[in-house]
Amino acid sequence: MALPAEKARYTFADCLSWEENERIEIINGEAVMMAPPSRTHQEISGALFAQLYNFLDGKKCRVYAAPFAVRLFERDGEAPEDVDTMVEPDLSVVCDSNKLDKHGCKGAPDLVIEILSPSTRRHDRLIKLGLYQRAGVREYWIVDPENKAVQVFLQDGGGSLKIHEDYGREDVAKVNVLSGCFVELSKVFSE
């Protein structure tokens, strides 16, 4: 799929002009095309969303599934043409309603979950991990459908996301940024 327009540097203003069915992230002004998610990816995303949504019902935090625009480094007063990084995590949990606007989230969500696919494995483990760390995401989950595993990273207090826990298909994973929240992975990896 070709980009809607060839440019040297893309911004969030470009994203707002594209068709809603375009799956494109921008990272430091570079457009990154995203393949459509697989059926398994969507089932895993739906199962995680359902458990988080049910836990958060009646609470101040909210969970959002992709496509959901997260402008990690946008500051107050910046125009869309000033914002050169916008990602669409598979799932985002936002507890500060001041970060939410009509387009999505401005700043770092509290929890970000990315579900690996063959085309995003390296991108999610390296590029996005670095972005989320720099932006101040407090907890980052990398979900591996192939190995039916979840790797949890937490901010270490010094601004780095460090591996905190590895979970397998039969485990109950603790959501560290949501007190009392646990995810039954047997319901996530049902196949």
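Draft legend 1. Quick peek at the overall build of the chain. Helix and strand counts for the chain stand at four helices and 13 strands. Computed over its C-alpha atoms, the radius of gyration of the chain comes to 16 Å, within 12% of the 16 Å expected for a compact globule of 191 residues. C-alpha extents for the chain along the principal axes are approximately 45 × 35 × 30 Å. The proportion of buried residues among the 191 residues of the chain is 45%. When the accessible surface of the chain is split by element, carbon and sulfur atoms take 48% of a total near 9,700 Å². Considering the chain, the positive charge centre built from 23 side chains and the negative charge centre built from 32 side chains are found 3 Å apart.

Draft legend 2. Molecular detail of the pairing of strand E12 (residues 172–175). Burial along E12 is one-sided: Ala173 and Val175 are buried, and none of Val172 and Lys174, which face the opposite way, are. Judged from the four bridges that link them, E12 and strand E13 (residues 181–184) form a sheet pairing that is antiparallel. The partner of Val175 across the bridge, within E13, is Cys181. Where E12 folds back onto E13 in an antiparallel hairpin, the turn is made up of five residues, including Gly180, whose phi is positive at roughly 85°.

Draft legend 3. View of unusual backbone geometry. Residue Pro67 follows Ala66 across a cis peptide bond; omega there is 0°. Tracing the backbone through its elements, the reader meets Pro67 in the loop between strand E3 (62–65) and strand E4 (69–71). In this structure, Asn28 is a non-glycine residue whose phi angle is positive, near 50°. Assignment of secondary structure puts Asn28 in the loop between strand E1 (24–27) and strand E2 (30–33).

Draft legend 4. Structural view of the side chain of Glu114. Residue placement: Glu114 occurs in strand E8 (residues 111–115). A residue is classified by how much of its surface remains accessible, and Glu114, at 2% relative accessible area, is buried. Separated by 2.8 Å, the side chains of Glu114 and Lys128 make a polar contact. In this structure the side chain of Glu114 is engaged in a polar contact, spanning 2.6 Å, whose partner is the side chain of Tyr132. Residues contacting Glu114, with those up to four places away along its chain left out, are Pro89, Asp90, Asp124, Lys128, Tyr132, Tyr140, Trp141, Ile142 and Val143.

Draft legend 5. Representation of helix H3 (residues 121–135) within the structure. For H3, which comprises 15 residues, the first-to-last C-alpha distance of 20 Å matches the rise-based estimate of 21 Å (1.5 Å per residue) to within 8%. The largest bend in H3 amounts to roughly 35° and is located at Lys128. When H3 is considered as a whole, its buried residues turn out to be His123, Asp124, Lys128, Leu129, Leu131 and Tyr132. Phi turns positive one or two residues past the end of H3, at Gly136, with a value near 95°.

Draft legend 6. Quick peek at helix H2 (residues 39–56). For H2, which comprises 18 residues, the first-to-last C-alpha distance of 25 Å matches the rise-based estimate of 26 Å (1.5 Å per residue) to within 8%. Gly58, located one to two residues past H2, shows a positive phi value of around 85°.

What counts and how
- Going along each chain's sequence as written, the residues are numbered from 1 onward.
- Under the rules for a predicted model, residues below a pLDDT of 70 receive no local features and side-chain atom pairs below 80 are neither given nor counted, while totals for whole chains, interfaces and linings still include all residues.
- Water and hydrogen atoms were dropped before computing side-chain values, which therefore reflect all heavy atoms in the structure.
- Numbering of helices and strands runs from the N terminus, with a helix taken as a DSSP run of H or I at least four residues long and a strand as a DSSP run of E at least two residues long.
- The globule rule used here is 2.2 Å times the number of residues to the 0.38 power, and the radius of gyration it is set against is calculated over C-alpha atoms.
- When a residue's accessible area, from a 1.4 Å probe over protein chains only, is under 20% of the maximum for its type it is buried; when over 50% it is exposed; and in between it is partly exposed.
- The Shrake-Rupley method, run with a 1.4 Å probe, gives the accessible areas here. Residue values count only the displayed protein chains as cover.
- When charges are counted, neither His nor the chain ends are considered; positive counts come from Lys and Arg and negative counts from Asp and Glu.
- Where a charge lies is defined by one atom per residue type: Lys uses NZ, Arg uses CZ, Asp uses CG and Glu uses CD.
- By this definition, two strands are paired if DSSP reports at least two bridges between them.
- Any pair of nitrogen or oxygen atoms within 3.5 Å is treated as a polar contact; in protein, a donor-acceptor pairing is required on top of that, and neighbouring residues in sequence qualify only through side-chain atoms on both sides.
- Whether two residues are in contact is decided by their heavy atoms: any pair within 4.5 Å suffices.
- The span you would expect from a helix comes to 1.5 Å times its residue count less one.
- Note on bend: the value at a residue is the angle between axes fitted to the seven residues ending there and to the seven starting there.

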